[in-house]
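Overview (structure and organization)
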Amino acid sequence: MTPDGCAVELYARMPVGDEPDVVERLIPRGAHILELGCGAGRVTHPLLERGYTVTAVDESPEMLERVRGARTVRSPIEELDLGTRFDAVMLASFLVHAGDPAVRRGLLATCRRHVAEGGAVLIQREPEDAHTRVPRERAVPGGGLVRIAASEPVAPGVRAVRCVYEFPGARWTQTFLSRPLTTETFEEALAEAGLVVDRYATEDRTWVLARAAH
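Worth saying up front: this structure is predicted, and the values here are computed from it rather than measured.

Turning next to the nonpolar core. In terms of nonpolar packing, the biggest core is built from 26 residues, with Leu36, Leu91, Leu108, Val121 and Phe186 touching the most fellow members. Elements supplying a minimum of two residues to this core: strand 1 (32-36), strand 4 (86-91), helix 5 (101-114), strand 5 (115-124), helix 6 (183-192), strand 10 (195-200) and strand 11 (207-212). Ignoring sequence-local partners within four residues, the contact set of Val121 consists of Val89, Cys111, Val115, Leu195, Val208, Leu209 and Ala210. Within the second largest apolar cluster, 22 residues are counted, among which are Val22, Cys38, Val67 and Ala70.

Here it is as structure tokens:
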């Protein structure tokens with residue numbers, strides 16, 4: 001288990017979704033991507049296969065042991081300062097919804113600190129109905145099932161989300177804190193970090209292409 005309660009074996013089993021397709025639509029092949037919160041390389045490896053160079057960051061050494069072919073950096077995201085800038089910075093997995101606003105500010109500051117002039121910051125945010133369309137579930141390749149079992153308020157503006165992951169021969173439950181962000185509050189958070197929305201890059205507005213504000 002990682003410090004934030006993630007099961008390494010679970011993330012090693014999880015298949016990739018549409019993240020590489022989203023990246024490929026927005027970022028030219030050959031670009032150097034800083035992937036924040038890479039986990040076990042679920043997205044890292046497909047990006048490498050598509051011709052990207054990836055620097056993969058995670059605070060869990062057990063997660064990073066699963067990553068192959070990328071430069072890996074062990075660090076909490078909000079403390080990261082590599083002293084260099086990248087063509088693109090990716091903050092996926094809804095990390096922008098961190099329950100603690102100070103953590104969110106740190107995450108976005110890291111994005112701004114590491115994106116090159118004219119570069120892109122790709123952020124994955126929750127769908128509008130993330131906390132109202134509960135329970136819900138989706139099948140994943142390999143016979144797996146991901147179920148959002150509950151989303152309950154635990155503090156002002158913060159919800160505890162309980163996920164159940166089922167695979168042949170294994171089952172995990174994970175609870176994490178999420179701070180829902182309206183479009184307005186999301187854009188305000190970006191502005192505070194010196195970022196601005198270039199465009200909402202998918203029809204459901206969950207993927208956002210942001211750039212450094214001028």
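Moving on, we get to the side chain of His114. Structurally, the position occupied by His114 is in helix 5. In this structure His114 touches Leu34, Leu80, Asp81, Leu82, Gly83, Thr84, Arg85, Phe86 and Val89, once residues within four positions along its chain are discounted.

Attention shifts here to the pattern of salt bridges. With the rule as written, the count across this model stands at 13 salt bridges. Residue Arg29 pairs with Glu24 through a salt bridge whose shortest N-O separation is 2.4 Å. The exposure class of Glu24 is partly exposed, given its relative accessible area of 29%. One salt bridge in this structure joins Glu166 and Arg147, with 3.4 Å as the shortest N-O distance. Of this pair, Glu166 sits in strand 8 (residues 158-167) while Arg147 sits in strand 7 (residues 144-155), and the two are 19 residues apart along the sequence. Three or more residues are tied together by salt bridges with common partners; here these are Asp21, Glu24, Arg29 and Arg50.

The next subject is the sheet that holds strand 8. Taken in spatial order, the four strands line up as 6-7-8-9 in an open sheet, and their pairing is antiparallel. Edge strands, defined here as strands with exactly one partner in the open sheet, are strand 6 (136-140) and strand 9 (170-178). On average, adjacent strands in this sheet sit at an angle of 20 degrees to one another, irrespective of strand direction. Strand direction decides the pairing type here: strand 7 and strand 8, joined by nine bridges, are antiparallel. By the bridge assignment for strand 8, Val146 is matched with Tyr165.

So, on to the packing of aromatic side chains. Under the criterion given, the structure shown has one aromatic pair. Ring centres of Phe167 and Trp172 lie 6.3 Å apart, and the angle between their planes is 70 degrees; on these two criteria the pair is classed as edge-to-face. Grouping residues by exposure puts Phe167 and Trp172 together as buried. A cation over an aromatic ring shows up here: Arg125 above the ring of Phe186, its NZ or CZ 4.9 Å from the ring centre. Lying over the aromatic face of Tyr200, Arg205 brings its terminal NZ or CZ to 3.9 Å of the ring centre.

Another aspect to go through is helix 6. Turning to helix 6, its buried residues are Phe186, Ala189 and Leu190. Mapping the buried residues of helix 6 onto a view down its axis gives an arc of 100 degrees, with all of them on the same face. Facing away from the buried side of helix 6, by more than 90 degrees, are the exposed residues Glu184, Ala191 and Glu192. Residues of helix 6 that are buried in the fold lie against helix 5, strand 5, strand 10 and strand 11. Following helix 6 by one or two positions, Gly194 adopts a phi angle in the positive range, close to 85 degrees.

Criteria and thresholds
- Residues numbered from 1 in each chain as written.
- Predicted model: local features only at pLDDT ≥ 70, side-chain atom pairs only at ≥ 80, totals over all residues.
- Heavy atoms only, no water.
- Core = buried A, V, L, I, M, F, W, Y, C linked by side-chain atoms within 4.5 Å.
- Buried < 20%, exposed > 50% of the residue type's maximum accessible area, 1.4 Å probe, protein only.
- Helix = DSSP H or I, 4+ residues; strand = E, 2+ residues; numbered from the N terminus.
- Contact = heavy atoms within 4.5 Å.
- Salt bridge = Lys/Arg side-chain N within 4 Å of Asp/Glu carboxyl O.
- Pairing = 2+ DSSP bridges.
- Axes fitted to C-alpha atoms, helices over the stretch in contact; angles between N-to-C directions.
- Phe/Tyr/Trp six-rings, centres within 6.5 Å; stacked < 30°, edge-to-face > 60°.
- Lys NZ or Arg CZ within 6 Å of the ring centre and 35° of its normal.
- Arc of directions from axis to C-beta.

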